[in-house]
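# Breakdown of the fold
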Amino acid sequence: VAEGKISPTEMDDFEVTDNTIGPCIHTVNNQLIKPLTARAGNPSWALMLHPEGLECDLFVTHCWQEGVYEFIDKVLNSWPRGSAHAYCC
C-alpha cells in the first residue's frame, strides 16, 4: 500500500493511511499476489518463495474479506510456541 502497488477499489474502499485493518485479502491477491506469481510462471505464493517447499506445522484459516494487516496481527499474536511454518487457506 505504501509503495502504491495496492490501491482501494469499488469493492474494497480501504483507507490507505490505516495501518490497523488494511486492504482485504481479495484486493491483496488480485493486485499483488496474482501479478507477481504470474510473472514467475504461476506457482503458488508459497512455492514461489520456497520452491523446495516447507513442512507446515500450523494451519491457519481466515475470511478473505478481512483486512490483511488485521489478519497478520492476529496470526502473529496467537502463534503457538514451537511452530515454524504455517499453511494459510
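Sequence order as written defines residue numbering, which begins from 1 separately in each chain. Totals for whole chains, interfaces and linings use every residue, but because this is a predicted model, local features are given only for residues with pLDDT of at least 70 and side-chain atom pairs only at 80 or more, for both listing and counting. Excluded from the side-chain calculation are hydrogens and water; included are all heavy atoms of the structure.

### Some words on the nonpolar core
Only buried residues count toward a nonpolar core. Its members are Ala, Val, Leu, Ile, Met, Phe, Trp, Tyr and Cys residues joined through side-chain atoms within 4.5 Å. Here's how the labels work: a residue is buried when its accessible area is under 20% of the maximum for its type, exposed when over 50%, partly exposed in between, all with a 1.4 Å probe on protein chains only. Counting residues in each nonpolar core, the largest one holds 9 residues, listed as Ile 6, Phe 14, Ile 25, Val 28, Leu 58, Val 60, Val 68, Phe 71 and Val 75. Those elements that place two or more of their residues in this core are α1 (25-39), β1 (58-60) and α3 (68-77). Here this core gets 3 residues from one element, more than from any other, and that element is α3. Whether two residues are in contact is decided by their heavy atoms: any pair within 4.5 Å suffices. Those residues in contact with Val 28 that sit more than four places away from it in its chain are Ile 6, Pro 23, Ile 33 and Val 68. Strands are runs of DSSP state E lasting at least two residues, helices are runs of H or I lasting at least four, and both sets are numbered from the N terminus onward.

### Brief notes about the side chain of Asn 29
If you trace the backbone, Asn 29 turns up in helix α1. Here Asn 29 is in contact with Lys 34, Pro 35 and Trp 64, once residues within four sequence places are set aside.

### A closer look at α3
In an α-helix there are 3.6 residues to a turn, and that puts residues three or four apart on one side. Along α3, the residues classified as buried are Val 68, Phe 71 and Val 75. Across the axial projection of α3, the buried residues extend over an arc of 60 degrees, all falling on one side. More than 90 degrees from the buried face of α3, the exposed residues found are Leu 76 and Asn 77. Looking at the buried positions of α3, the neighbouring elements they touch are α1, β1 and β2 (86-88). Arc definition: directions from the helix axis to the C-beta atoms.

### Let's talk about the environment of Ser 7
The residue Ser 7 is located in the segment before α1 in this model. Ser 7 sits in the partly exposed class, given a relative accessible area of 34%. For the pair Ser 7 and Ile 72, spaced 65 residues apart in the sequence, the C-alpha separation amounts to 19 Å. Apart from residues no more than four positions distant in its own chain, Ser 7 is found in contact with Phe 14, Thr 27 and Gln 31.

### Concerning the packing of aromatic side chains
Only Phe, Tyr and Trp rings are paired, with Trp represented by its six-membered ring, and only when their centres lie within 6.5 Å; those with planes under 30 degrees apart are stacked, over 60 edge-to-face, the remainder tilted. Evaluation of the coordinates by the stated rule reveals 1 aromatic pair. Between the aromatic rings of Phe 59 and Tyr 87, the centroid separation amounts to 5.8 Å while the plane-to-plane angle is 15 degrees, which identifies the pairing as stacked. Here Phe 59 is found in strand β1, whereas its partner Tyr 87 is found in strand β2, with 28 residues between them in sequence.

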